[in-house]
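Observations on chain architecture
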Amino acid sequence: MFDIQPKVIFEKTKHLLSANIPTNNDELQTFVNETVEVLKYHEWRYYVIVEPIIGDTEYDELYKKLESIELSNPDLILADSPTQRVSNDLKSDMPSVNHLESMLSLDNSYNLEDLENFDKRIKKLCDLPENEAVEYVVEPKYDGGSIALVFENDTLTRAATRGNGTQGEEITANARTIKSIPQKANFSSFGINKVELRGEVLIRKDIFEKLNEERKEAGKDLYANARNTATGGLRTKTPQKSAERKMDAFIYQLGYTEGDFSIKNHHENIEVLSKLGFKVPTVETKVCKNIKEVHDFCKMWEEKRDSYNYEIDGMVVKVNSLNLQDQCGQTNHHPRWAIAFKFKAKQATSILETVEYQIGKTGSITPVAKIKPVQLAGVTVSSISLHNEDFIQEKDIMIGDTVVVERAGDVIPYIASSMSSIRNGEEQPIEFPKNCPSCETVLTRVENEAAWRCPNVSGCPAQQLQRIIFHVSKPAMDIDGFGKSNVERFFELGYLNSIADVYRLPFEEIEKLEGFGARSIEKLRNSIEKAKLNPLHRLLVSLSVHHLGKKASKIIASKIKSIFDLTTINEEWLTEIKDIGPILAKNVISYFHDENNIQLLRQLEELGVNTTQLEADQPVEIIETDHPFSGKTILFTGALQQLKRKEAQEKALSVGAIIASSVNKKLNILVVGEKAGSKLKKAQELGSVEIITEADFIEQLK
Ligand code: IVH
């Protein structure tokens, strides 16, 4: 199914979307079957190979169409229908199940010497001469939760966690919610009747960040890290809760197999899995001719691990030939034919010297540990957030403690633990302040919230400063050339006391300051003028209303004509809007009914800042299908100047284009930005590709 031409599926999708639902029973079953196949194909493109050819809206629309048919015709529901991923099963216990084959661990290596010793051992075990090179497959060592998936007669019948290696917990319903795991796969076409696959469940880094942003906006506690969120996600009691964690699964090993199956090496196994629609490491994997090549590839990945969108803590080196693997055998702990190459530790110890307190834009007080500077995976760390008072208590952290500092795939370091057992008695408890370090107001703590806050919202200088810094920043009013240091400088000089002052800066004074030339002033002036014309949702975000982020601001801005509408509406009106919860509604009402804030908004209006709904505030969900780009395969290359790459792709998708990933004969249009390189050259050589500039693309979009 996955080798069907994208264009064919694209046309089929359009047809299914626009077609009337058949009334005849046989035709209806065919319609359902086709819709399931098409949706499964789009899931594969989106979740497995990450090259969607339709937009989210179209997928959702077709999904809903299927769901509504299934609701009134339950007998037509197919077991592998995408709607059946999230069931209503509620489990109190996860039953234990025996793995078909033990899930072993891996031996570790850390350098070239370790790898060379491993290579020598392999040759000895396989009776090979020392000068004969063994072929290895090297793939990422994913840092998530391992799973075993059993497929019988092409159907996923069981999923289990690793557990103790021989017995794991049965988590089939939760695993079904992972969209990169097909619920059916045509193993029988390769002669396989029953198989146990091994893989790792994890959450993509950017998705994990988004999950946390959403939790922050909803006032929920943040997830600590992607790994625990994934392992916990496998074991939630309701599949719905698992689905919310948007987990992903890489499959890297074929385990127990029944059937007439004649594949000779590991790499081919992986290719078979890929053909069957599983997400496998492809570009991340290399077949290496000798152990030196293995080491080079591992080191290359160690360099770029931070820019990879999944957490990895090393590489796994596997003997490619399955015959040689058999000759090597295994210990009770690990297979002898594989070894992990572990990346440099992202963990170090240091001494916590003191704690400082930062005041956020909404008054929250964040304790920050100042530690003796320590090197951690290439960077010097001296300052680490302690989040809140509960965190300090849970981790039992004291001043003077030796603390274990970690940097996971994300760049932000954190304190993993404090070594309380080696205290010498001179450590001091961390006394959380009772008063605001900036304005001395007594701090308060709202029920169910972890943070202590300074309630002096409009009078606290530290809060004002943070709000101004945020107001001008990229996610808010996006005033180019107005960085944090400029805000701090103008604030100290008394030019900025509230966000309204941003629009009445004394440029004649600023001109006299060191470091400000006529050009930089002109630039800043222009950026400020431009920001005044921002859509309403940007202004809403920029006000630092507690929990009011980008998504909710966009929703609210699409429902009101002027910002002043918010000064007269009530909580009920807001909570009736989908996705606006009661906590956010309460915060919004309390902000927009406060006289000081209303006055601030009036000042902004008088200073020329847009306070009304603009076209960019209205929801856009139009899918055009007779657009010139519709059905065309498009690729973007080089640095785009006006649009972000993702934005450009979304725009193309929204008018029916298909996003390609490489230049080949099937490519219709190549959009070139600055410094376009090999892709442009290849397209020119092919001669069949239409090459257009970013400006042409924008022009033709209209
Ligand atoms: S192969 C029998 N391949 O690492 C071979 N494991 O420390 C054992 N892991 O429990 C597994 N990425 O959860 C293999 N590409 C990969 C892997 C991988 C991550 C995990 C797996 C295993 C652990 C061993």
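Below: a short report on this structure. Along every chain, residues carry numbers that run from 1 in the direction the sequence is written. Since the coordinates come from a predicted model, pLDDT governs what is reported: local features require at least 70, and pairs of side-chain atoms require 80 or more to be given and counted, while whole-chain, interface and lining totals use all residues. Processing note: side-chain calculations cover all non-hydrogen atoms of the structure and skip hydrogens and water entirely.

We now examine a positive patch on the surface. Residues K210, K246, K550, K551, K554 and K644 make up a contiguous surface patch of positive charge. Sort the elements by how many residues they give to the positive patch and helix 18 (residues 550-557) lands first, with 3 residues. The helix and strand labels rest on DSSP assignments: H or I over at least four residues marks a helix, E over at least two residues marks a strand, and numbering proceeds from the N terminus. Looking at the secondary structure, you find K554 in helix 18. What makes K554 partly exposed here is its relative accessible area of 40%. Put simply, a patch holds well-exposed residues, over 30% relative accessible area, that have no salt bridge, with like charges counted together within 9 Å and Val, Leu, Ile, Met, Phe, Trp or Tyr side chains within 5 Å. Residue exposure ignores everything except the shown protein chains as possible cover, and the areas themselves are Shrake-Rupley values with a 1.4 Å probe. When a carboxyl oxygen of Asp or Glu lies within 4 Å of a side-chain nitrogen of Lys or Arg, that pair is called a salt bridge. For the purpose of charge, His is not counted, nor are the chain termini; Lys and Arg are scored as positive and Asp and Glu as negative. Charged groups are reduced to one reference atom each: NZ for lysine, CZ for arginine, CG for aspartic acid, CD for glutamic acid. Think of it in three bands: residues with accessible area under 20% of the maximum for their type are buried, residues over 50% are exposed, and the middle band is partly exposed, with areas taken using a 1.4 Å probe on protein chains only.

This paragraph deals with the pairing of strand 23 (residues 669-672). Of the two faces of strand 23, the one lined by I669 and V671 and the one lined by L670 and V672 are each fully buried. Bridge count for strand 21 (residues 633-637) against strand 23 is 4 bridges, and the pairing is parallel. From the neighbouring strand, F636 faces strand 23, where its bridge partner is V671. The pairing of strand 23 with strand 24 (residues 690-693) spans 4 bridges and is classified as parallel. Strands are treated as partners if at least two bridges between them are detected by DSSP.

Spatial ordering of the open sheet is given by 2-11-10-3-9, a layout of 5 strands whose pairing is mixed. Both edges of this open sheet fall to strand 2 (108-109) and strand 9 (286-288), since each of them pairs with a single strand only. Direction of pairing for strand 3 (residues 136-142) relative to strand 9: antiparallel, over a ladder of 3 bridges. Residue V137 lies in a different strand from strand 9, and its bridge partner there is V287. It only takes one pair of heavy atoms within 4.5 Å for two residues to be counted as in contact. Axes here mean lines fitted to C-alpha atoms, for a helix over just the part in contact, with angles spanning 0 to 180 degrees between N-to-C directions. Packing of helix 4 (residues 112-125) onto the sheet brings it into contact with strand 2, strand 3, strand 10 (312-319) and strand 11 (338-342), and relative to strand 11 it is tilted by some 175 degrees. Packing of helix 9 (residues 266-275) onto the sheet brings it into contact with strand 3, strand 9 and strand 10, and relative to strand 3 it is tilted by some 55 degrees.

Attention now moves to the packing of aromatic side chains. Working definition: rings of Phe, Tyr and Trp (its six-membered ring) pair if their centres are within 6.5 Å, and the pair is stacked with planes under 30 degrees apart, edge-to-face with planes over 60 apart, and tilted otherwise. For the structure on display, the rule yields 19 aromatic pairs. With a centroid separation of 5.7 Å and an interplanar angle of 50 degrees, the aromatic rings of Y41 and W44 are classed as tilted. Of this pair, Y41 and W44 both sit in helix 2 (residues 25-48), 3 residues apart, roughly one helical turn. Comparing Y41 with W44 shows no difference in burial state: the two are buried. Here a set of aromatic residues connected by ring pairs shows up, and it is made of Y142, F250, W301, Y308 and Y310. A ring has a charge above it when a Lys NZ or an Arg CZ is no more than 6 Å from the ring centre and no more than 35 degrees off the ring normal. The aromatic ring of F470 is capped on one face by K361, whose charged end is 4.4 Å from the ring centroid.

Glancing now at the sheet that holds strand 22 (residues 658-659). Spatially, 4 strands are ordered 22-21-23-24 in an open sheet, and the strand pairing comes out parallel. Here the strands that pair on one side only, and so sit at the sheet edges, are strand 22 and strand 24.

Glancing now at the site of the ligand. Around the ligand sit 14 residues in total, of which P140, Y142, E200, Y252 and K318 are the nearest. We define a polar contact as two N or O atoms separated by no more than 3.5 Å, with the added condition that, inside protein, one atom must be a possible hydrogen donor and the other a possible acceptor, whereas residues neighbouring each other in sequence contribute only through side-chain atom pairs. Between the ligand and K141, the relevant distance is 3.3 Å, taken from an oxygen atom to a side-chain nitrogen or oxygen of the residue. Bound to the protein, the ligand loses 88% of the 530 Å² it would expose on its own. Throughout, the protein atoms alone are placed on a 1 Å grid, and a set of points is a cavity if a 1.4 Å probe fits but cannot get out or a pocket if it is open with protein on both sides within 12 Å along at least five of seven lines; lining residues have an atom within 4 Å of a point. More than half of a molecule's atoms within 2 Å of the grid points is what it takes for that molecule to sit in a cavity or pocket. The cavity that encloses the ligand is the second largest pocket. When contributions to the shell around the ligand are tallied by element, the ones reaching two or more residues are strand 3 and strand 10. If one sorts the elements of the shell around the ligand by residue count, strand 3 sits on top with 4 residues. For the shell around the ligand, the class distribution of residues is 7 nonpolar, 2 polar and 5 charged. A cutoff of 4 Å decides nearness: a residue is near a molecule or strand if any of its heavy atoms lies inside that distance of it. Three classes are used, and their members are as follows: Ala, Val, Leu, Ile, Met, Phe, Trp, Tyr, Cys and Pro are nonpolar, Asp, Glu, Lys and Arg are charged, and the others, Gly among them, are polar.

Here we come to the side chain of S81. Tracing the backbone through its elements, the reader meets S81 in the loop between helix 3 (56-72) and strand 1 (96-98). On the basis of relative accessible area, S81 is assigned to the buried category, the value being 0%. When sequence neighbours within four positions are dropped, the list of residues in contact with S81 reads V36, L66, E70 and Q183.

With that settled, the discussion passes to the packing of helix 1 (residues 6-18) against helix 3. Between helix 1 and helix 3, the least distance of the axes is 10 Å, while the angle of their chain directions is 50 degrees. Between helix 1 and helix 3, the interaxial angle falls into the category oblique. Between helix 1 and helix 3 the crossing geometry is left-handed. Of the residues in helix 3, those touching helix 1 at T13, L16, L17 and S18 are E58, E61, L62 and K65. Note that the term roughly parallel is reserved for angles under 35 degrees, roughly antiparallel for angles over 145, roughly perpendicular for angles of 65 to 115, and oblique for everything else. Throughout, a crossing is termed right-handed when the near helix is turned clockwise from the far one, and left-handed when it is turned anticlockwise from it by less than a right angle.

Okay, the state of the cysteines next. By convention in this document, the label disulfide applies to cysteine sulfur atom pairs within 2.5 Å. Under the defined criterion, the tally for this structure stands at 0 disulfides. We note that C328 lacks a disulfide partner, and the nearest cysteine sulfur, in C126, lies 3.7 Å from it.

Every buried residue of helix 9 is accounted for by H266, N269, I270, V272 and L273. For helix 9, the buried positions fall inside an angular range of 155 degrees around the axis, keeping them on one side. On its buried side, helix 9 packs onto strand 3, strand 7 (192-202), strand 8 (248-259), strand 10 and helix 11 (322-328). Measuring from the backbone nitrogen of H267 back to the side-chain oxygen at the start of helix 9 gives 3.2 Å, which picks out N265 as the cap. Residue G277 follows helix 9 closely and has a positive phi angle near 100 degrees. Summarising the geometry, the arc corresponds to the directions from the helix axis toward the C-beta atoms.

Grid points are joined across faces, edges and corners, and a volume is the space filled by probe spheres set on the points. Approximately 1200 Å³ is the volume attributed to the second largest pocket. L104, R198, Q253, P335 and W337 are the residues nearest the centre of the second largest pocket, which is lined by 43 residues in total. Of all elements in the fold, only strand 3, strand 4 (145-152), strand 7, strand 8, strand 10, helix 11 and strand 11 reach the threshold of two or more residues within the lining of the second largest pocket. With 8 residues, the single largest contributor to the lining of the second largest pocket is strand 8. Of the residues belonging to the lining of the second largest pocket, the class tally is 16 nonpolar, 14 polar and 13 charged.

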